[in-house]
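# Residue-level structural notes
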Amino acid sequence: MDTYDFSSSRALFERAGRVIPGGIYGHYGLAMITPETPLYFSKAEGSHFVDVDGNRFIDYMCAYGPSILGYNHPVVDAAAREQVNRGNTVTLSSPVMVELAEKLVELITIADWAFFAKNGGDVTNLATLVARAATGRKKILKINGGYHGVAPWMQEPESGGTVDEDFANIISIDWNSTSQLEQAISDHKGLIAGFISSPYHHPVFQDNVLPEEGYWAAVEKLCRREGIVLIVDDVRAGFRIDLRGSNEFFGFKPDLICLGKALANGYPISALVGTDALREAVQGVFCTGTMYFGSAPMAAALANITELMKNDAAALINQTGRKLADGLTKVAADNGFDLKVSGPYSMPYLRITNDDDMTLHFDWIARCVERGAYFLPYHNHFISAAHTDADIEETLGIANDAFQSMKQ
Ligand SMILES: Cc1ncc(COP(=O)(O)O)c(C=O)c1O
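Residues numbered from 1 in each chain as written. Predicted model: local features only at pLDDT ≥ 70, side-chain atom pairs only at ≥ 80, totals over all residues. Heavy atoms only, no water.

### Considering the overall build of the chain
Basically, it comes down to this: Counting from the N terminus, the helices are DSSP H or I runs at least four residues long and the strands are E runs at least two residues long. Throughout, the radius of gyration refers to the C-alpha atoms, and the reference size of a globule is 2.2 Å times the residue count to the power 0.38. The contact rule is simple, with two residues in contact once any of their heavy atoms fall within 4.5 Å. Per-residue and other accessible areas follow the Shrake-Rupley method at a 1.4 Å probe size, with only the shown protein chains counted as cover for residues.
A tally of helices and strands in the chain yields 13 helices and 13 strands. In terms of overall size, the chain behaves like a compact globule, its C-alpha atoms giving a radius of gyration of 22 Å where 408 residues would be expected to give roughly 22 Å. Taken over the C-alpha atoms alone, the chain extends approximately 60 × 55 × 45 Å along its principal axes. Sequence-distant contacts, at least 24 apart, represent 75% of the contacts inside the chain between residues at least 6 apart. For the chain, the exposed surface amounts to about 17700 Å²; the carbon and sulfur share of it is 52%.

### Points about the packing of helix α4 (residues 95–107) against helix α10 (residues 295–310)
As a reminder of what qualifies: Interaxial angle, 0 to 180 degrees, is taken between N-to-C directions of lines fitted to C-alpha atoms, where a helix line uses only the stretch in contact. Any angle that is under 35 degrees is reported as roughly parallel, and any over 145 degrees as roughly antiparallel; angles of 65 to 115 degrees are reported as roughly perpendicular and all others as oblique. What makes a crossing left-handed is the near helix being turned counterclockwise from the far one by less than a right angle; a clockwise turn instead makes it right-handed.
Interhelical geometry of α4 versus α10 gives an angle of 30 degrees and a closest axis separation of 9 Å. The pairing of α4 with α10 is recorded here as roughly parallel in orientation. Of the two possible hands of crossing, α4 and α10 adopt the one that is left-handed. Taking contact as the criterion, the partners of Val96, Met97, Glu99, Leu100, Lys103, Leu104, Glu106 and Leu107 in α4 are, on α10, Ser295, Met298, Ala299, Ala301, Leu302, Ile305, Thr306 and Met309.

### A closer look at the site of the ligand
To keep things clear, this is the line we draw: Only heavy atoms are used to decide nearness, and a residue is near a molecule or strand if one of them lies within 4 Å of it. Counting of polar contacts relies on pairs of N or O atoms within 3.5 Å, with two restrictions inside protein: one atom must be capable of donating a hydrogen and the other of accepting it, and residues adjacent in sequence are counted only when both atoms are side-chain atoms. Asp, Glu, Lys and Arg are counted as charged, while Ala, Val, Leu, Ile, Met, Phe, Trp, Tyr, Cys and Pro are counted as nonpolar; the rest, among them Gly, fall into the polar class.
Residues in contact with the ligand, as listed here, are Asn119, Gly120, Gly121, Tyr147, His148, Gly149, His202, Asp233, Val235, Arg236 and Lys261. Contacts to the ligand include Tyr147, whose backbone N or O atom sits 3.2 Å from a nitrogen atom. One of the side-chain nitrogen or oxygen atoms of Asp233 is found 2.6 Å away from a nitrogen atom of the ligand. Protein chains bury 85% of the 390 Å² of accessible surface belonging to the ligand in isolation. Considered class by class, the residues forming the shell around the ligand number 2 nonpolar, 6 polar and 3 charged.

### So, unusual backbone geometry
The test is simple: Using a 1.4 Å probe on the protein chains alone, a residue whose accessible area is under 20% of its type maximum counts as buried, one over 50% counts as exposed, and one in between counts as partly exposed.
Phi is positive for Cys62, which is not a glycine, with a value near 50 degrees. In this structure, Cys62 sits in the loop between β3 (56–59) and α3 (74–86). We classify Cys62 as buried; its relative accessible area is 2%. Within the chain, Tyr64 stands out as a residue other than glycine whose phi angle is a positive 65 degrees. Topologically, Tyr64 is positioned in the loop between β3 and α3.

### Quick notes on the sheet that holds strand β10 (residues 270–274)
Rules: At least two bridges found by DSSP between two strands are what make those strands a pair.
Read across the sheet, 7 strands follow the order β4-β10-β9-β8-β7-β5-β6 without closing on themselves; strand pairing throughout is mixed. Taken across any chain shown, the strands that pair with only one partner, and hence form the sheet edges, are β4 (113–117) and β6 (170–173). Strand-to-strand twist in this sheet, taken as the mean axis angle between neighbours without regard to direction, amounts to 20 degrees. In the sheet, strand β7 (residues 192–197) pairs with strand β8 (residues 229–233) via 4 bridges, with the strands oriented parallel.

### With respect to the packing of helix α12 (residues 359–369) against helix α13 (residues 389–407)
One way to put it is that α12 packs onto α13 with a least axis distance of 9 Å and a crossing angle of 125 degrees. The angle between α12 and α13 places the two elements in the oblique class. At the point where α12 passes α13, the crossing takes the right-handed sense. Within the contact between the two elements, α12 uses Leu360, Asp363, Trp364, Arg367 and Cys368 and α13 uses Ile398, Ala399, Ala402, Phe403, Ser405 and Met406. A per-class count over the contact of α12 with α13 returns 8 nonpolar, 1 polar and 2 charged.

### Focus on the state of the cysteines
Applicable threshold: A pair of cysteine sulfur atoms is labelled a disulfide when the two atoms are within 2.5 Å.
This structure, assessed with the given rule, holds 0 disulfides. No disulfide involves Cys258; its sulfur sits 11 Å from that of Cys287, the nearest cysteine. Counting only cysteine sulfurs, Cys62 is the nearest neighbor of Cys368, a cysteine outside any disulfide, at a range of 16 Å.

### As for the sheet that holds strand β13 (residues 373–374)
With mixed pairing, 4 strands are arranged side by side in an open sheet as β1-β2-β3-β13. One side of each edge strand has no neighbouring strand; the edge strands of this open sheet are β1 (41–45) and β13. Sheet analysis places β3 next to β13, joined by 2 bridges and oriented parallel. When the sheet's bridge partners are listed, Asp59 is paired in β13 with Tyr374.

### Looking at the domain arrangement of the chain
Convention followed: All the domain ranges listed were derived from an automatic or database domain assignment. Accessible area that two parts lose when put together, with a 1.4 Å probe and added across both, is what the buried area reports. We define a salt bridge as a contact between a side-chain nitrogen of Lys or Arg and a carboxyl oxygen of Asp or Glu at a distance within 4 Å.
Splitting the chain by domain gives domain 1 (7–59 + 313–407) and domain 2 (74–310). Taking only C-alpha atoms into account, the centre of domain 1 sits 27 Å from that of domain 2. Contacts between domain 1 and domain 2 engage 19 residues on the former and 17 residues on the latter. Across the domain 1 to domain 2 interface the summed buried area is about 1600 Å²; carbon plus sulfur atoms make up 61%. Taken as a group, Ala314, Met347 and Tyr349 account for 27% of the area that domain 1 buries against domain 2, more than any other trio of residues on that side. In this structure, Arg351 and Asp207 form a salt bridge, with 2.7 Å as the shortest nitrogen-oxygen distance. If you look at where domain 1 meets domain 2, you find 10 residue pairs in polar contact (both at pLDDT 80 or more). Listed by contribution, the elements that provide at least two residues to the side of domain 1 that touches domain 2 are α11 (313–334), β11 (339–342) and β12 (349–352). Looking at the side of domain 1 that touches domain 2 element by element, the count peaks at 3 residues for α11. Across the side of domain 1 that touches domain 2, the residue classes break down as 11 nonpolar, 6 polar and 2 charged.

So this is what it looks like as structure tokens:
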């Protein structure tokens, strides 16, 4: 199998470095951890993108989550275009904003209201403000290694530009540990406003971990007993586990759910949804942004959700993900490697376990990428409804060829 050349990506990166600090920043920049990798796309369609060198990839990152129906989905794009023709960001808010809120309240089981913003981090931050406004308390509990965005309190202590005070009211505990939760509650009795966590643990550079049996039930009970607002950060997992909220799959009811990424199949919008008990609190928080009222992303979100509901997309995506996981595990075993797949099938984290420092794993991923299957070695992947059985078959062929080349 021929391997790809990335010289046009590299040349563009050189140019970028002169005018954009670091060339590519944030999570997109991290992809450069793999030395030979595409950096810029020329077009995308369905489950694929083509890079500026003309290489075609089956994309298992889906723009880090947004592409849930596949790139350039005709129904979603038509809805967005139609709204643009009427007016996108206008001096007044749009009827489609009301329709979208109604749709989310209909779909998301716990939701009595919805509030819209742009990025996931806008609404994870808002959720903590709501928890504080509702309780009159200061402290926020979070999970070690959990990611909620880039506001100072969400970052690791000592990250560039943060100060100690940013973390003064943040308490971090380990995932799946009810004993640490109980300890934190007793150490800070009556002071904890909210507990924020993703529905399962999806750190980078580590196997992903589902909740242990009874974990969420215990968390919910403790939060209720202590008057702590329970916030699910479903920004990453939302719509890929259960359309009604990932908490429904894990059998518990939070007070607030943060949504983003897959909400509008790539258009910029996020949402905080919550229960009636927090309606007044969210109304009392001043949170807005110039672009928050853009109505084309709202029309896209409405069309996206309608399509997801019509096709029971979460179930479909999990089935496709299962085929990929089973197939890759078998291909690895046939070649003498052990591939561990963790997390839900719709968002699989991959790791070859045959060495301790992930050298083999990084090598295998790089060989898959230069053969046309876009994986990342340190992050969970994303399956979309556009991934076909033919994509999976082709990917298994690429994975097999990558393993064979490693053995040589
Ligand atoms: C779980 C989770 N929460 C919040 C965020 C922040 O979302 P955004 O990057 O859209 O601000 C992310 C982004 O990766 C995420 O994965």
